[in-house]
Amino acid sequence: MKVIICGAGQVGWQIARHLSGEKNDVTVVDFNPELVRRATDTLDVQGVAGFASYPDVLDRAGASDADMVIAATHSDEVNMVTCQVAHSVFSVQRKIARLRAQNYLDPAYADLYRRNHLPIDVVISPEREVAEAALQRLAAPAAFDTESFLDGRAQLLGIMIDADCPVINTPLRQLTDLFSTLRAVVVGIRREGALFVPSAGDQIFPDDECYIFADTEDTTRTLEIFGKIHSKQERIVIVGGGNVGLGVALALEARTERVRVKMIEKNRECAERAADALDRTIVLHGDGLDSALLEEANIATADAVLAVTDDDKTNLLAAVRSKEMGCRMAISLVNDPTLTPLMGPLDIDAYINPRATTVSSILRHIRHGRVRGVYSIGDAEAEVIEAQVLGTSPIAGQCIKDIDFPEGTLIGAVMQQGEIVRPTGETRIEEGNVIAIFAMSDDVAEVERLLQVSIDFF
Amino acid sequence: MGWIVRLPFFVILMGLGSVAMIVPAAHAAIMEDFGTMRVFFYGFILFSILTLMIGLATAGYAPRSIARSQLIGLLAAFTALPVMFAIPFYEAVGNTTFLNAWFEMVSSFTTTGATVYDTAARLTPSLHLWRGLVGWMGGLLVWVTAVSIFAPMNLGGFEVRATGSAGGGATGSFTQIAQIADPSERLARYTMTLTPIYMGLTVALWIGLVIAGEFPYIALIHAMSTLSTSGISPIGGLYFAASQFWGELLIFCFFAFALSRLTFSRGLAGERDQGLRRDPEFITALVLIGTVTLLLFLRHFIGTAEQAGPADLKDIFSALWGALFTVTSFLTTTGFESRLWEGATEFSGLSTPGLFLIGLALIGGGVATTAGGVKLLRIYALYRHGEREQQRLLHPSSIGGGGKDARRIRKQGAYISWVFFMLFALSIAAVMLMLSLTGVQFETSMVLAVSALSTTGPLAVVAAEAPIAYSGIPDAAKAILAFAMVLGRLETLAIIALFNPEIWHR
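In this text, all values refer to a predicted model and were calculated from it rather than measured experimentally.

Visitor: So, the overall build of chain A: which residues are in play, and what are the values?
Guide: A tally of helices and strands in chain A yields 15 helices and 24 strands. The C-alpha atoms of chain A give a radius of gyration of 23 Å, which matches the 23 Å a tight globule of 458 residues would have. Dimensions along the principal axes, computed over C-alpha positions, put chain A at roughly 65 × 60 × 40 Å. Taking contacts inside chain A between residues at least 6 apart in sequence as the whole, the part at least 24 apart equals 65%. Counting only carbon and sulfur atoms, one obtains 49% of the accessible surface of chain A, whose full area is about 19900 Å². Charge-centre separation for chain A: the mean point of 44 positive side chains lies 3 Å from the mean point of 69 negative side chains.

Here you go:
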C-alpha cells in the first residue's frame, strides 16, 4: 500500500516507522528538510521536503497513485487543506487528519467531515486519545496498562504480579477449571523483559507482567483474583493543564460521582484557559515540581496524581515527588519508550505512551479486513487486533482448535450476537462474530491473512 | 439640520429646555390657569431668543476636544440649566425664594425628586407637571449621555468592564481603516435611538396607569418620574394614588428599566450581547431585592408572631408586597413608597427599618440607567473580587475561571469600583461634614447626604426616624445638597476625569 505521511514530527515519524516496518510504500512530507532527512536516514521511507498542502508538493510525493494520505502536521488547518487537495486533485481514497483544536472536534459539527464537505475519513486527535487512556488508567488503578475492546465490553488489563498474589505457581489450565465462571484469559506474560504468549501448562510467577483479557463486568473480580484491590478515587491531582490534562479534568467533572480534581499548570495563559473551561476543578498556577505547590494541592491525601505535561522528565519527577509526599498512586505520561523500564525503580504505578495510543488509532484504519481496533503493546512488541470475521475469511465456520493460528497468537474474547463468550477450543467462530486477537508482532501479518478474504472466494 | 448638531452641547440642551416650557404653558392654558400659562410662555420666548443668540454666537465654535467639551457641557447642564428652569417656576409660584426654586429644579433635573414644597397643594398642577417634566428630561439626558459620552470615555460604570483606563477616551488605533464616530455624531445617533424608546415606555406606563384608574395628569407625572427614577409626585406619594394596587404593580414592572441597561439598549455600547438572564446587574438586583424583602418580611412576621396570634393571609400578602415594592423602588433610587408599606410596619408594630432603605439607595440601580448610587455593576465587581480573594485564602496560587471578561471585572473592575466606592464614601463624609457646619443634626445630615448623592430625594421622608422636611433646613445646606445632587448624578469619576491632565493636554 502506498501511503503519504505529511508531517515528520513525533506522530508522523512514529506512524512512518510502524508502516514502513510492515512493508508499505511510505513517503514522508515535511516543511523541514532536517526532519525529512532524519526519517529517510533511519527508516525505509522516501522523503519530500515542502509545504504539505501545496498540490505540487503532494504530486512530487506521488499522491496521484497513493492509497492513503495521513496529515499529521502541527497545524490543523494545513492538515484539513492537505486532505482537501488530496481528495480534489489526486482523488486519494483514504484521508486521515490529525486535528488538535477541540473546537474542530465538537460532535455537533461532525457533519463537516463528510465526503462532499471537507473530505476527511478519519479524524485523529492525539490529545483526546491520550486523555482517554489516562481515564482508563484511573479507572483501573491496579493495572499498569488498560484498553477497552468490543465496544467497551471487554478490557485488556496489564497487571504486575506481586509475591502475595493468590494464583502464582499454578498452571493456567487449573485456573480455568478453578474459576469456571470467570470470563478472563491470560493472553500474554512478560517475564524478565521478554513478552510471550502462554500455553495452558505455563505458570505465573511473582514479578511477571500479565496481560489479561477480561469481560468488563468481571474486571473487578479478575483484579481481586490476581491480588489487586479495586479502590475508589475521589481526590485527583493533575500536573499539566494542556489539552490532555484539560480533557481528563473535563471528563472527570462530567462524572456523576463527585471527584475532587486539582490541576497544576506552569503557563499562566494555559492555566487561565483551563480555569475558564472547568467548573469545579481548582487550577493552581506554578511549577508541578514545587513541593509547596504540591502541598497546596493537598497531595498527601490525594488518591492519584496524573503527570501529563509535555516534558517526560517533569512528568517522572512530579510523579516521584508526589509519591514521596504521600500520594497513593502516580500515573505519568512518557513519550520516550526507552524510559518505560524506569517505572519500576521510580515506583510509578502506570504510564501512558501517547505514541502507542495515537499509532494504535491510526493502525486500525490501515489494517486489512474488517479490523475495528488495534492496540499496540509495549514498544511494538505485540498487538491486540479487534476484527469482524467476514464470511469469506478462512476462519469463518471453524472451531478455534481447528484454525491454523501461528504460535504467538491467542484469542482473547469472542463476541457472538452481542454476547461476550470466553473462547475455548470448542468455540465455533461464525461469520459476523467479532474477535479480539493477541498477536506477537512477527505474527501480525499471518493473522491479517486469516482475517482477509480467502483464495477460495475467487 | 446638520448645523444644530454642530452647536455646543450645552446650547442644544438649553434650546430643548426652553422649548419644553411650552408643555406647562399649554397645560396651564387648558386648566385656565392663565397666570402660570403666561409665565411659562414668556419663559419659552425669552429663553428661545437667548438660546438663538448664543447659538448664533457659538455657531463657528470648534472645540479642541469635542469629548471634553461635551463633558463640560454636561456638567454645565446639571448646574446652570436649573437656573433657567427655575426662573419661570419662581415667577409662577410667586411666594417663594429663588434659592428654593433653583433647589427644586436641580433636584428635579438630577432625578433626585427632593422637594421643598411639603404640601403638594402649594403648587398648581402645571407647576407639578413642570417638575415632573424637568425630571423626565434629566432622565433622558442621563440615558443618552451614558451611552454616547460616558461609554466611549470609560466612565459612569463602563470603566468596570472596559479594557482601557477610566476617563481615557476612545482613541482608536484603526484610523487608517475605520472612521471614528465624531462625538456629536454619536450623540445625535443615540438620541434618535433612545428618545423614542424612552417616550414610548413613558406613554405605555401612562396609559397603563390611566386604565388602572388614575387621573390622567397624575398618571403622566407618575409615569415620567418612574421612568426617570425621580420619584416626583403631585399628590405627595403613591399613598394617595387612585390606581392603588394595580397602579403599583404597573410601576413595579417599569422599575426594571432602572435595574439594567440591557432592558432597553441592548448592544448599543458595542459589547457582547449576553441577554438579560445572564446580566450580572440584573441578577445582582434580583438577589438583593429578594434577600432584603425576605428579611424585612420575616422581621415583620416574627414581630407579629411574638405579639399577637396568627395574622390572616391578606395582611401577610400586603406586608410582603409593601416590602417588595418599596425595596425595589429605593434600589432604583426612585423613592416611591408602597401604600402597603405603612401597613406592613403597622401590622408588626415595629418601626420602619430606614437603614435598609439607605443602604439600598446607596447601592443604586444599573449602569447607564436613570438610577443613581454606587451602581449594581460596581457592587457585583466588588462581590466577585471578595469571593475570589476567599478562594485565594484556601489556594494562594489558584487561578480563577469564568473567562477573560470575568477576570478583568475581578481585577481591574474591582479596583476601579473600589476607587469609586471610596470616593462615594468620602463624598458622603464631606457632604455630611458641610451640612453639620450649617447646623443640621448628625442623623439628619447623614440621611440628607445619602439621599442627595444617590439621587433618591424621598429617602429623607421615609428613612429617618422622623420625616425630614427639606423646607426646614438652612439655605446654605440646600445649596450644598444641590451640588451634592449634581455630584451624585454625574459621578465623582466623571468630574475627576475633567481634571485629568490628558483631557486638557493641548
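Structure shown, so let's carry the discussion forward.
Visitor: Go over the packing of helix H3 (residues 22-30) of chain B against helix H4 (residues 34-57) of chain B, please, and point to the residues and values.
Guide: All names here are of chain B. It is at 8 Å that the axes of H3 and H4 come closest, and there the two elements cross at 155 degrees. Here H3 lies roughly antiparallel to H4, going by the angle between them. Considering how the two elements wind past one another, H3 and H4 form a crossing that is left-handed. Contacts between H3 and H4 involve Ile-22, Pro-24, Ala-25, Ala-28 and Ala-29 from the former and Phe-34, Thr-36, Met-37, Phe-40, Phe-41 and Phe-44 from the latter. Here the contact of H3 with H4 is composed, by residue class, of 10 nonpolar, one polar and no charged.

Visitor: Would you mind going over the nonpolar core in detail, with residue names and values included?
Guide: Within the largest apolar cluster, 134 residues are counted, with the highest numbers of intra-cluster contacts made by B:Phe85, B:Phe89, B:Trp130, B:Phe150, B:Leu448 and B:Tyr470. Of the residues forming this core, the biggest block, 18 residues, is contributed by helix H7 (residues 125-153) of chain B. Here B:Phe89 is in contact with B:Phe40, B:Ala101, B:Glu104, B:Met105, B:Tyr117, B:Leu123, B:Leu127, B:Trp130 and B:Arg131, once residues within four sequence places are set aside. A:Leu19, A:Val28, A:Ile400 and A:Ile411 belong to the second-largest nonpolar core, a separate cluster that totals 41 residues.

Visitor: Now, about the pattern of salt bridges: what can you tell me, with residues and values included?
Guide: Scanning the model with the defined rule gives 24 salt bridges over all chains in all. Between A:Arg190 and A:Glu381 there is a salt bridge, and its shortest N-O distance comes to 2.7 Å. Of this pair, A:Arg190 sits in strand E9 (residues 184-191) while A:Glu381 sits in the loop between strand E18 (370-377) and strand E19 (382-388); the two residues are 191 residues apart in sequence, bridging distant segments of the chain. A:Arg190 gets classed as buried once you look at its relative accessible area, which sits at 12%. In this structure, the salt-bridge partner of B:Lys478 is B:Asp475, at a minimum N-O distance of 3.8 Å.

Visitor: Pulling in residues and values, what's your account of the packing of aromatic side chains?
Guide: Residue and element names in this part refer to chain B. Enumeration according to the criterion identifies 26 aromatic pairs over all chains in this entry. Ring geometry for Phe-245 versus Phe-317: centroids 6.1 Å apart, planes at 65 degrees, classification edge-to-face. Of the two residues, Phe-245 sits in helix H10 (residues 244-254) while Phe-317 sits in helix H12 (residues 313-331), which places them 72 residues apart along the sequence. Judged by relative accessible area, which is 23%, Phe-245 ranks as partly exposed. The exposure class of Phe-317 is partly exposed, given its relative accessible area of 46%. Taken together, the aromatic side chains of Phe-245, Trp-246, Phe-252, Phe-255, Phe-317, Trp-321 and Phe-325 make up a single cluster linked through ring pairs. Over the aromatic face of Phe-420 sits the side chain of Arg-378, whose NZ or CZ is 3.7 Å from the ring centroid.

Visitor: Provide a residue-level description of the interface of chain B and chain A, including the pertinent values.
Guide: Taken together, the contacts link 12 residues of chain B with 12 residues of chain A. The largest contributions to the chain B side of the interface with chain A come from B:His395, B:Ser397 and B:Ile399, which together make up 61% of the buried area. On the surface where chain B and chain A come into contact, there are two salt bridges. A salt bridge links A:Asp276 to B:Arg407; the shortest N-O distance between them is 3.0 Å. At the junction of chain B and chain A, the tally comes to five residue pairs in polar contact (both at pLDDT 80 or more). Counting only elements with at least two residues in the side of chain B that touches chain A, the list comes to strand E1 (398-399) and helix H16 (404-437) of chain B. Examining the composition of the side of chain B that touches chain A, we find that three residues originate from one element, H16(B), more than from any other. The residue inventory of the side of chain B that touches chain A, partitioned by class, reads two nonpolar, seven polar and three charged. In terms of strand pairing, strand E14 (residues 282-285) of chain A meets E1(B) through two bridges, oriented antiparallel. Following the sheet pairing, A:Leu284 is matched in E1(B) by B:Ser398.

Visitor: I'd like a description of the sheet that holds strand E10 (residues 194-196) of chain A, backed by residues and values.
Guide: The strands making up a sheet associate through hydrogen bonds between their backbones, and the pairing can be parallel or antiparallel. All names here are of chain A. If you trace the five strands from one edge of the open sheet to the other, you get E7-E8-E11-E9-E10, paired in antiparallel fashion. If you trace the sheet from one side to the other, it starts and ends with strand E7 (145-149) and E10, each paired once. Sheet twist, expressed as the mean angle between neighbouring strand axes with direction ignored, is 20 degrees. Note that E7 and strand E8 (residues 154-160) share five bridges and pair antiparallel. Its bridge partner lying in E8, Thr-146 is registered against Leu-157.

Visitor: Provide a residue-level description of a nonpolar patch on the surface, including the pertinent values.
Guide: Residue and element names in this part refer to chain B. A cluster of nonpolar side chains, namely Phe-41, Tyr-42, Ile-45, Ile-49 and Met-53, defines an oily patch on the protein surface of about 500 Å² accessible area. Along the chain, Ile-45 falls in helix H4. Judged by its relative accessible area of 35%, Ile-45 falls in the partly exposed class.

Visitor: Please set out helix H15 (residues 376-394) of chain B residue by residue, giving values where relevant.
Guide: The end-to-end C-alpha separation of H15(B) is 28 Å, in line with the 27 Å expected for 19 residues at 1.5 Å each. B:Leu376, B:Leu377, B:Arg378, B:Tyr380, B:Ala381 and B:Arg388 are the residues of H15(B) that are buried.

Visitor: Tell me what's going on with the pairing of E8(A), and back it up with residues and numbers.
Guide: Residues and elements named next belong to chain A. Across the seven residues that make up E8, a large majority, six, are buried. From the end of E7 to the start of E8, which pair antiparallel, there are four residues, and Leu-150 there has a positive phi angle of about 50 degrees. Sheet topology note: the E8/strand E11 (residues 209-215) ladder contains seven bridges and is antiparallel. Residue pairing across strands places Ala-154 opposite Asp-215, the latter belonging to E11.

Visitor: Give a detailed account of the confidence of the model for chain A, specifying residues and quantitative values.
Guide: With 97% of its residues at a pLDDT of 70 or more, chain A shows a mean pLDDT of 84. Below pLDDT 50 for its whole length, residues 454-458 of chain A participates in four contacts with residues either more than four positions away or in separate chains.

Visitor: Which residues make up a positive patch on the surface, and what are the values?
Guide: Residue and element names in this part refer to chain A. A cluster of basic side chains, namely Arg-235, Arg-258, Arg-260 and Arg-280, defines a positive patch on the protein surface. Turning to its location among the elements, Arg-258 is positioned in the loop between helix H9 (243-253) and strand E13 (260-265). Residue classification places Arg-258 among the exposed positions, given a relative accessible area of 53%.

Visitor: Please set out the side chain of B:Ser445 residue by residue, giving values where relevant.
Guide: Within the secondary structure, B:Ser445 sits in helix H17 (residues 442-453). With sequence-adjacent residues up to four places away left out, B:Ser445 is seen in contact with B:Met432, B:Leu435, B:Ser436 and B:Val440.

Visitor: Give me the lowdown on the sheet that holds strand E12 (residues 235-239) of chain A, citing residues and values where you can.
Guide: Strands sit in the order E17(A)-E16(A)-E15(A)-E12(A)-E13(A)-E14(A)-E1(B) across an open sheet of seven strands; the sheet is mixed. The sheet is open, and its two borders are formed by strand E17 (350-352) of chain A together with E1 of chain B, each paired with just one other strand. In the sheet, strand E15 (residues 304-307) of chain A pairs with strand E16 (residues 330-333) of chain A via three bridges, with the strands oriented parallel. Within E16(A), the position partnered with A:Leu306 by the bridge is A:Ile331.

Criteria and thresholds
Residues numbered from 1 in each chain as written. Chains lettered and ligands numbered in written order. Predicted model: local features only at pLDDT ≥ 70, side-chain atom pairs only at ≥ 80, totals over all residues. Heavy atoms only, no water. Helix = DSSP H or I, 4+ residues; strand = E, 2+ residues; numbered from the N terminus. Rg over C-alpha atoms; globule rule 2.2 N^0.38 Å. Contact = heavy atoms within 4.5 Å. Areas by Shrake-Rupley, 256 points an atom, 1.4 Å probe, with all protein chains shown as cover. Lys, Arg positive; Asp, Glu negative; His and termini not counted. Charge placed at Lys NZ, Arg CZ, Asp CG, Glu CD. Axes fitted to C-alpha atoms, helices over the stretch in contact; angles between N-to-C directions. Parallel < 35°, antiparallel > 145°, perpendicular 65-115°, else oblique. Left-handed = near helix turned anticlockwise from the far one by under 90°. Nonpolar A, V, L, I, M, F, W, Y, C, P; charged D, E, K, R; others polar. Core = buried A, V, L, I, M, F, W, Y, C linked by side-chain atoms within 4.5 Å. Buried < 20%, exposed > 50% of the residue type's maximum accessible area, 1.4 Å probe, protein only. Salt bridge = Lys/Arg side-chain N within 4 Å of Asp/Glu carboxyl O. Phe/Tyr/Trp six-rings, centres within 6.5 Å; stacked < 30°, edge-to-face > 60°. Lys NZ or Arg CZ within 6 Å of the ring centre and 35° of its normal. Buried area = accessible area lost by both parts, 1.4 Å probe. Polar contact = N/O pair within 3.5 Å; in protein donor to acceptor, adjacent residues only side chain to side chain. Pairing = 2+ DSSP bridges. Patch = residues over 30% accessible without salt bridge, like charges linked within 9 Å, V, L, I, M, F, W, Y side chains within 5 Å. Expected span 1.5 Å × (residues − 1). pLDDT = per-residue confidence, 0-100.

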